[in-house]
Amino acid sequence: DSFDAIVLACGSEQPRDLKIPGRDLDGVHFAMDFLTKQNKICEGDSVDTTGQISAKGKDVVVIGGGDTGSDCIGTSNRQGAKSVLQLELLPRPPLERDDSMMWPLFANTFKTSSSHEEGCDRKWGVMAKEFVGKGSIEFVKTVDISWDKDKKSFYLIKNSEKLIPCDLLLIAIGYEKPNLFFDDQYSIETSSDGTIRANEKNYL
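Caption draft 1: A look at the nonpolar core. Membership of the largest hydrophobic core comes to 18 residues, with the highest contact counts inside it found for Val-61, Ile-63, Phe-131, Ile-137, Val-140 and Leu-169. At the level of elements, strand E2 (28-30), strand E3 (59-63), strand E4 (83-88), strand E6 (126-134), strand E7 (136-148) and strand E10 (168-171) are the ones that each hand at least two residues to this core. No other element matches the three residues that E6 contributes to this core. Setting aside chain neighbours within four positions, we find Val-140 in contact with Val-61, Ala-128, Glu-130, Phe-131, Lys-162, Leu-163, Ile-164, Cys-166 and Leu-169.

The following block contains the structure:
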């Protein structure tokens, strides 16, 4: 009764999955399952390390080019990974703004984080088709893709499939929806994808 509006900014914690053949192989993990426990260890918290995911001595492939993927790269390097490769679905961004992102649009330009500077390979315009292995992941099968600006869709590049060695695969392709902490008593509507439905008249 004391306020004119309430802002729900609880974030999104349910990771988006990559449902391709081989997803159930050992060694395929969500990024946050890899990062969260290591972050607690770095903070000096008392942590049960049973089943901890480690990159030590492994060929690590990170799928996803955002901040979470970057954190996976830095953590993998510090754990002593044999190699680290980051795959991004989109094409490599330009170094500077172009006509497609004039102000006030978001400047989707090429960025190199401190984690990238610690060492990794980066590939753009690549889609994972399959995780390959017997029980545990051994390879990631990929295909090169290109973006058709007119049709606003991807198309596969013929004869571009590759098998990339991989002992640890980290999925960092974003999040689907928040873990809502309230129940039906608040009469808060959600959309079909589980996100909170905003009042568009007042949405800024």
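Caption draft 2: Here's a closer look at the side chain of Ser-70. Structurally, Ser-70 can be placed in helix H2 (residues 67-78). Looking at Ser-70, the relative accessible area reads 7%, which means it is buried. In this view, Ser-70 contacts Gln-86, Ser-113, Ser-115 and His-116; residues no more than four positions away in its chain are not counted.

Caption draft 3: Representation of the packing of aromatic side chains. Evaluated as defined, the whole model comprises one aromatic pair. A centroid spacing of 4.9 Å and a plane angle of 65 degrees characterise the contact between Trp-147 and Phe-154, whose relative ring orientation is edge-to-face. Sitting over the face of the ring of Phe-30, Arg-23 holds its NZ or CZ atom 5.0 Å from the ring centroid.

Thresholds applied
- Along every chain, residues carry numbers that run from 1 in the direction the sequence is written.
- A pLDDT threshold of at least 70 governs which residues receive local features in this predicted model, and a stricter bar of 80 or more applies before side-chain atom pairs are shown or counted, although totals over entire chains, interfaces and linings include all residues.
- Excluded from the side-chain calculations are hydrogens and water; all other atoms, namely the structure's heavy atoms, are used.
- The set of buried Ala, Val, Leu, Ile, Met, Phe, Trp, Tyr and Cys residues whose side-chain atoms join them within 4.5 Å is what this entry labels a nonpolar core.
- Categorising residues by exposure relies on relative accessible area from a 1.4 Å probe, with only protein chains included: less than 20% of the type maximum marks a residue as buried, more than 50% marks it as exposed, and the intermediate range marks it as partly exposed.
- Each helix is a run of H or I in the DSSP string that is no shorter than four residues. Each strand is a run of E no shorter than two, and both are numbered from the N terminus.
- Every residue pair with non-hydrogen atoms within 4.5 Å of one another is taken to be in contact.
- To pair, rings of Phe, Tyr and Trp, with the six-membered ring standing in for Trp, must have centres within 6.5 Å; the planes then decide the type, stacked if under 30 degrees apart, edge-to-face if over 60, and tilted in the middle.
- A ring is scored as having a charge over it whenever the NZ atom of a lysine or the CZ atom of an arginine sits within 6 Å of its centre and within 35 degrees of its normal.

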